[in-house]
Each structure stands twice: as C-alpha cells, then as structure tokens.
Amino acid sequence: MMLGGLAGMAHASEPRLLGEYGDWKAYMFMENNGKVCYMVSQPKKDEGNYSKRGDIFALVTHRPAENSKNVFSYIAGYTYQAGSEVTVKVNNQTFKLFTQDDSAWAIDQAADNKLADAIRRGNTLVVQGTSSRGTLTTDTFGLKGSSAAHKAISDECGI
C-alpha cells in the first residue's frame, strides 16, 4: 500500500510490511539512508454527506535519523477547509490537529507523544474534520493491535 503523502519522497525505497496487528499494519522503508517506520490504519466507519472521497489513513511515524518519533498524521481523502482544525478523540482524551491540503498533524512533539500513547492504550479513535466544501466528516477507527504495531515500528527503528 503506497500512501499519497509517502509515495513521492526522493530516495525512498518501497515500504516493507513488518506485520499486521488487528486494525493496524506496520511498515518500514529507507529514505535518504535512514529508516522510516510507520503504522497505519483505515477507518471502520466513515461518515459525512459527501458524494466522493479518497482513501483515508491514520498514521504514526518514526524517523530516527531526524530525531522524530510518534508523529501522528491524518490523510482525510479530501482537501480540508482552509484554516480549519481537526478534532481527534481517543477514549476520553481530545486532541486538536492543524490542517494543510488533505492532511492534519498534531501541533508539536509533546502532543504527538500524548496522542500515540492514547492510541496504544485506547479502544477507538474518532476523527472529525471539515472539507473545503464545508462537509463535516466523522471517521471511526479501531485500535485493536495498535500497541503491537507501535512496538513493531519502535523495535524496527530502535526507538
């Protein structure tokens, strides 16, 4: 599975599947002589009053060569409304993400770490966003296997 945000990277190898863990898959690829490890899932349920929407992905990525870990990113399958925020709920915790084009990210490393920890410990992940056309969407992910997928990417990337 190639992801739009990861597909066009310079000097990147094809992702290698590390394993499938419940609702999540873990992958590794090489980029500019450094390992990139990520876990990815697609929603069990996607809701919204839209006629067409691309693929939807939630990811947690480690890039040890860049001293980067637990980076949460979200690919919505549509372009977000300019300046809008995305709300992520994991069990009783709520996180706000900033948007650009079709993606959303946590504001900083501390937020990424809290969100990655919540995903590993949680049962469901619910993401709400607004498209450039004003359509509100709600995507619901299962978190079964997220802890094992996180361990697999952390072990592979030496985190």
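In this text the structure is predicted, and so the values were computed from the model without any measurement.

Enquirer: Help me understand the overall build of the chain in this model?
Expert: When you go through the chain residue by residue, the secondary structure sums to 3 helices and 11 strands. Each helix (α) and strand (β) of the chain, taken in turn from the N terminus, gives the series α-β-β-β-β-β-β-β-β-β-α-β-β-α. Against the compact-globule benchmark of 15 Å for 159 residues, the chain has a radius of gyration of 15 Å, which places it among compact chains. Seen along its three principal axes, the alpha-carbon backbone of the chain occupies a region of about 40 × 35 × 25 Å. Total accessible area on the chain stands at roughly 8200 Å², and carbon and sulfur atoms take up 45% of it.

Enquirer: Looking at this structure, how should I read helix 2 (residues 109–121)?
Expert: Along an α-helix, residues three or four apart share an orientation, since each turn contains 3.6 residues. In this model helix 2 runs 18 Å from its N-terminal to its C-terminal C-alpha over 13 residues, within 8% of the 18 Å that 1.5 Å per residue would give. Turning to helix 2, its buried residues number three or more, namely A111, D112, L115, A116, A118 and I119. The buried residues of helix 2 occupy an angular sector of 160° when the element is viewed end-on, so they sit on one face. Among the exposed residues of helix 2, those pointing more than 90 degrees away from its buried face are K114 and R121.

Enquirer: When you look at the packing of aromatic side chains in this model, what are you seeing that I'm missing?
Expert: Aromatic rings in a pair are described by how distant their centres are and how their planes are angled relative to each other. If you walk through the whole model with that rule in mind, you get 5 aromatic pairs. With 6.0 Å between their ring centres and 70° between their planes, F29 and Y38 make a pair best called edge-to-face. For Y38, a relative accessible area of 1% gives the class buried. Between Y74 and F141, the ring centres sit 5.8 Å apart and the planes meet at 75°, which makes this aromatic pair edge-to-face. Of the two residues, Y74 is situated in strand 6 (residues 68–75) and F141 in strand 11 (residues 136–142); the sequence distance between them amounts to 67 residues. Each member of the pair, Y74 as well as F141, carries the same accessibility label: buried. Through a chain of ring-to-ring contacts, three or more aromatic side chains come together here, namely Y27, F29 and Y38.

Enquirer: Explain the pattern of salt bridges here, please?
Expert: Two side chains bearing opposite charge may form a pair once their charged atoms approach each other closely. Under the defined criterion, the tally for this structure stands at 8 salt bridges. We note a salt bridge from R16 to E156, for which the minimum N-O separation is 3.2 Å. Residue R16 is located in strand 1 (residues 16–21), and its partner E156 is located in helix 3 (residues 146–157); the two are separated by 140 residues in the primary sequence. Between D117 and R120 there is a salt bridge, and its shortest N-O distance comes to 3.1 Å. Residue D117 and its partner R120 are both found in helix 2; the two are separated by 3 residues, about one turn of the helix. With relative accessibility at 25%, the residue D117 sits in the partly exposed group. Take R120: its relative accessible area is 28%, and that puts it in the partly exposed class. Several salt bridges converge on common partners, so that one network encompasses R16, K35 and E156.

Parameters at a glance
- Residues numbered from 1 in each chain as written.
- Predicted model: local features only at pLDDT ≥ 70, side-chain atom pairs only at ≥ 80, totals over all residues.
- Heavy atoms only, no water.
- Helix = DSSP H or I, 4+ residues; strand = E, 2+ residues; numbered from the N terminus.
- Rg over C-alpha atoms; globule rule 2.2 N^0.38 Å.
- Areas by Shrake-Rupley, 256 points an atom, 1.4 Å probe, with all protein chains shown as cover.
- Expected span 1.5 Å × (residues − 1).
- Buried < 20%, exposed > 50% of the residue type's maximum accessible area, 1.4 Å probe, protein only.
- Arc of directions from axis to C-beta.
- Phe/Tyr/Trp six-rings, centres within 6.5 Å; stacked < 30°, edge-to-face > 60°.
- Salt bridge = Lys/Arg side-chain N within 4 Å of Asp/Glu carboxyl O.

Any functional reading would require information beyond the geometric quantities listed.
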